[in-house]
Amino acid sequence: LKKNKMNKIYKFGLLSALALFSYSCGDDFLEDPALEGSASLTSAQLEQAANVDPEVINGLISGVYSLTFTTGTGGTTGHDDFGHKSYDVFSDMLSGDMALSTSTYGWYRSSITEFQGPLDFTYGDNRQVWRYYYRIIRGCNEVIDGLGGTDVVPENQENKYIMGQAKALRAHSYFYLAQFYQKGYDAAEEILPLYTDAITPNGPKVAASLIYDQMESDLTESIELLEGFNRTNKTQINKSVAQGIYAYVLGARGTDYTKAYNMAIAAMSDFTVMSGAELTGGFNNVATPGWMWGVDLNDEIGLGLISWWGQMDYYSYSYPAFGDAKSMDQTLFDAIPATDSRKEQFNNSPGEYEHLMPLFKFYDADRERYGSSRIVKADYVYMRVAEMHLLAAEFAAKAGNEGEAKTNLKALVGQRVTDASYIDQLSGPSLNSEIYLQTRIELWGEGKSYLAMKRNKATVTRGSNHLSFVGEAIPYNDERLTFEIPEGEIQFNPFISTQNN
C-alpha cells in the first residue's frame, strides 16, 4: 500500500478504536446503554460498505489491533493498563518467574505479587483483564458482523483476509480469558460467556469445551482464509501467527498433542531463531527476523510512561529507572548454565538494587537511564518463532515422539549454549522438565511462563529476591493464580448473577 493509503487506514483505525471504547460486555451496556451504537455503523451498513470498499472494514480491524497497545483499554487510568502487554506482566508475576524485587510505587505488589486481586472479585485487576479481552472480542465481532456474520465466507479476497484476522484475534482473546479465569482445562466447567456477534449484550457462562471448540473453529477457518495473505506490517495476523495461536490453544486443551505439534511446526516457516547478538540487542525492533507478531511503535502512537516499556525498561522513562524493579527470579537465574548466552541478559552485579533486572535483554536503543525521550520508540513483541520450537518440542514429547522433541529443542538450545548434546541423554520426565525450563529461560518477560506453567501442571517456588512468599511452593492450580469474574459482571449480567460463582 502507498503511504497515504496506510495513513488513511491508520487514522480510520484510531477512530474505530475510540468507537470500540464504547463497548465491552456485561455491565457496560447496563451502566450506560446510551453509548450502544452511538459511535459506530450498524452491521448492515458495515457489510454494505465492505462490499463496495474493503478499506472501510480494513480500517475497523486496524482499530481493533490498535486496542492491543492502547492505554486505558482495560477501563482504567492506571499505569498498568496499556493493552495486551499489561497482562504479559500480570502473568509473568503470577507465575513467579518475574520478581518484583523492589517496590517503590506499588503498582503490582498487593494485587498481583501478593495475590490479593485474584482472591477478591472486587479488586479492579479482575475487571481490567475481563474488560480488555472482551473489548477485543467485541471489536472482532463488529468486523465479522460487518462481513456478513460468523458463518459467512466473504466473496471479496481482501475481505476474506480481514475475516481471517478477526477470527484469529477473537480466538486469541478467548484463549487468554480461558487461561486467566480457569485454573486448568476442565471441559465441563462453566467459565465464561461466549459471544460470536456484536449484538448480544449479555450471556451466561458456558462450558470450557464450548469456548475451546469456538477457538478451534475460528482458527481452523482463519488459517484457510489467510492462505496467500501478504501482510503490510507485523501488527497484522497472518497464517503463521494464526497457526501459532492454534498451537497454544491445542496445548492448553491437552487432548491432541500430535495436532498441536504439527501446528507449531507449520507456524515456523519464514522465520529464524534470534541469534546470540539479537538476544542482548534490546528486543526493540519489530523487523527482527525471529519476531512473528509485534507492533512498530513510533512518535505518532505516542506511548510514554504508561506502557510495557514504562514498567519494564531501566533505559526508558520508566518505573524501573526510578526504583520499581522487575527482575528474573533468583532460582531460575541460578538454573541457567554459565555458558548460556541468555545469562548475559540479566544484570548480575551484587549489591546493586537492579540485581537480575533485564538490563541487557529489554532496553531502549539509546541506553540512557530515565530515557532520552519520554516517548516510547522501542517496539512490542507478541510472538516469536522460538516459542514454536519450544512448543513443538513440548508437544512431541507429550505425544511420545521423543526424537522430534529433542531435535526441536536442540534447534533452539544449540544456539544458546556451546554444547547441547546433553539433550540426547534425556527422556521421559527429565526431557519434559528440560523443555519447560528452557521455555521459562528463553521467554522470560514475554508473558509465556504462566501459560507454560498451566500446560505443564507445574509448581514453582519463589526465589530469594521476591518481596513476598519466598520459598513457598505454589502449584499451577492455586486459587491465587486465577482471576475472579469481576464484581460488575456479576452485578449487571443477569445470567451470571443467577449462576453459581
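Residues numbered from 1 in each chain as written. Predicted model: local features only at pLDDT ≥ 70, side-chain atom pairs only at ≥ 80, totals over all residues. Heavy atoms only, no water.

## Considerations on the overall build of the protein
When helices and strands are tallied, the protein shows 21 helices and eight strands. A total of 501 residues make up the protein; the buried ones form 60% of that total. Residue pairs at least 24 apart in sequence account for 70% of intrachain contacts in the protein once pairs closer than 6 positions are excluded. Summed over all atoms, the accessible surface of the protein reaches about 17900 Å², with 51% contributed by carbon and sulfur. (Helix = DSSP H or I, 4+ residues; strand = E, 2+ residues; numbered from the N terminus. Buried < 20%, exposed > 50% of the residue type's maximum accessible area, 1.4 Å probe, protein only. Contact = heavy atoms within 4.5 Å. Areas by Shrake-Rupley, 256 points an atom, 1.4 Å probe, with all protein chains shown as cover.)

## Re helix H10 (residues 208-225)
Here H10 is 18 residues long and its end C-alpha atoms lie 26 Å apart, about the 26 Å a rise of 1.5 Å per residue gives. If you follow the buried residues of H10, they end up packed against helix H9 (157-181), strand E2 (190-193), strand E3 (205-207), helix H11 (239-253) and helix H12 (257-267). (Expected span 1.5 Å × (residues − 1).)

## Some remarks on the pattern of salt bridges
Two side chains of opposite charge can pair, provided their charged atoms sit close to one another. Throughout the structure, instances matching the rule amount to 25 salt bridges. When the shortest N-O distance is used, the salt bridge between Glu-216 and Lys-259 registers 3.9 Å. With Glu-216 in helix H10 and Lys-259 in helix H12, the pair connects residues that are 43 residues apart, well separated along the chain. A salt bridge links Lys-398 to Glu-394, with the nearest nitrogen and oxygen atoms 2.8 Å apart. Of this pair, Lys-398 and Glu-394 both sit in helix H16 (residues 385-398), four residues apart, which is roughly one turn of that helix. With relative accessibility at 27%, the residue Lys-398 sits in the partly exposed group. With relative accessibility at 3%, the residue Glu-394 sits in the buried group. Here the salt bridges do not stand alone but share partners, grouping Asp-340, Arg-342, Lys-361, Arg-384, Arg-416, Glu-442 and Glu-446 into one network. (Salt bridge = Lys/Arg side-chain N within 4 Å of Asp/Glu carboxyl O.)

## Describing a nonpolar patch on the surface
Nonpolar side chains collect at one region of the surface, where Tyr-105, Phe-322 and Tyr-370 lie side by side and expose about 300 Å² of accessible area between them. For Tyr-370, a relative accessible area of 35% translates into the label partly exposed. (Patch = residues over 30% accessible without salt bridge, like charges linked within 9 Å, V, L, I, M, F, W, Y side chains within 5 Å.)

## Quick look at unusual backbone geometry
Even without being a glycine, Lys-457 presents a positive backbone phi close to 50°. The phi torsion at Phe-469 lies on the positive side, around 55°, for a residue other than glycine. Assessed through its relative accessible area of 28%, Phe-469 is described here as partly exposed.

## Thoughts on the packing of H9 against H10
Two numbers describe a pair of packed helices, the interaxial angle and the distance between the axes. Following both chains from N to C, one finds H9 and H10 inclined at 150°, their axes separated by 8 Å at the closest point. Taken together, the axis directions place H9 and H10 in an arrangement best described as roughly antiparallel. As H9 packs across H10, the resulting crossing turns out to be left-handed. In the contact of H9 with H10, the residues fall into twelve nonpolar, five polar and five charged. (Axes fitted to C-alpha atoms, helices over the stretch in contact; angles between N-to-C directions. Parallel < 35°, antiparallel > 145°, perpendicular 65-115°, else oblique. Left-handed = near helix turned anticlockwise from the far one by under 90°. Nonpolar A, V, L, I, M, F, W, Y, C, P; charged D, E, K, R; others polar.)

## Quick word on the side chain of Arg-231
Looking at the element boundaries, Arg-231 is found in the loop between H10 and H11. Despite its burial, Arg-231 remains without a salt bridge, the nearest opposite charge being carried by Asp-270 at 8.2 Å. At 2.6 Å, the side chain of Arg-231 forms a polar contact with the backbone oxygen of Met-292. Those residues within four positions of Arg-231 in sequence are excluded, and the remaining contacts are Gln-236, Asn-238, Val-241, Phe-271, Met-292 and Trp-293. (Lys, Arg positive; Asp, Glu negative; His and termini not counted. Polar contact = N/O pair within 3.5 Å; in protein donor to acceptor, adjacent residues only side chain to side chain.)

## Considerations on the packing of aromatic side chains
Tallying each qualifying case throughout the model produces 34 aromatic pairs. When the centroid spacing of 5.6 Å and the interplanar angle of 55° are considered together, the rings of Tyr-87 and Tyr-133 count as tilted. Of the two residues, Tyr-87 is situated in helix H5 (residues 84-95) and Tyr-133 in helix H8 (residues 124-146); the sequence distance between them amounts to 46 residues. Grouping residues by exposure puts Tyr-87 and Tyr-133 together as buried. Taking 5.1 Å as the distance between ring centres and 80° as the angle between the ring planes, the aromatic pair formed by Trp-293 and Tyr-382 counts as edge-to-face. (Phe/Tyr/Trp six-rings, centres within 6.5 Å; stacked < 30°, edge-to-face > 60°.)

## Some thoughts on the packing of helix H17 (residues 402-413) against helix H18 (residues 428-442)
Contact pair H17 / H18: the axes reach a minimum separation of 11 Å and the direction vectors enclose 30°. It follows that H17 is roughly parallel to H18 by the angle criterion. Both H17 and H18 take part in a crossing whose hand is left-handed. Note on element contacts: H18 touches H17 through Gly-428, Leu-431, Glu-434, Ile-435, Gln-438 and Glu-442, opposite Glu-402, Ala-405, Lys-406, Leu-409, Leu-412 and Val-413.

## Comments concerning H9
Taking 1.5 Å per residue, 25 residues should reach 36 Å; H9 reaches 36 Å between its end C-alpha atoms and fits that length. Most of H9 sits out of view: 22 of its 25 residues are buried. Of the residues that open H9, the one with a side-chain oxygen 2.8 Å from the backbone nitrogen of Glu-158 is Asn-156.

## Side note on the nonpolar core
Grouped together as the largest cluster of nonpolar side chains are 138 residues, with contacts concentrated most on Val-143, Phe-180, Met-215, Ile-237, Tyr-380 and Met-388. With 14 residues, H9 is the largest single contributor of residues to this core. Here Phe-180 is in contact with Tyr-87, Ser-91, Val-129, Tyr-133, Tyr-450, Thr-482 and Phe-483, once residues within four sequence places are set aside. Of all hydrophobic cores here, the second largest spans six residues; its members include Tyr-314, Ala-325, Met-357 and Tyr-363. (Core = buried A, V, L, I, M, F, W, Y, C linked by side-chain atoms within 4.5 Å.)

## Concerning the pairing of strand E4 (residues 291-295)
Within E4, five of the five residues are buried, leaving the element largely enclosed by the surrounding structure. Relative to strand E6 (residues 380-384), E4 runs antiparallel, the two sharing four bridges. Counted as the bridge partner of Trp-291 is Arg-384 from E6. (Pairing = 2+ DSSP bridges.)

## Focus on the environment of Arg-127
Turning to its location among the elements, Arg-127 is positioned in helix H8. Its relative accessible area of 27% is what places Arg-127 among the partly exposed residues. Sequence separation of Arg-127 and Gly-75 is 52 residues, and the distance between their C-alpha atoms is 8.2 Å.

## Considerations on the side chain of Asp-379
Examined against the element boundaries, Asp-379 turns out to sit in the loop between helix H15 (330-334) and E6. It is Lys-234 that comes nearest to the buried, bridge-free Asp-379 among opposite-charge side chains, at 9.1 Å. There is a polar contact of 2.7 Å between the side chain of Asp-379 and the backbone nitrogen of Val-286. Reaching out from Asp-379, the side chain makes a polar contact with the backbone nitrogen of Leu-297 at a distance of 2.9 Å. When neighbours within four sequence positions are excluded, Asp-379 is seen to be in contact with Phe-283, Asn-284, Asn-285, Val-286, Trp-291, Val-295, Asp-296, Leu-297 and Trp-309.

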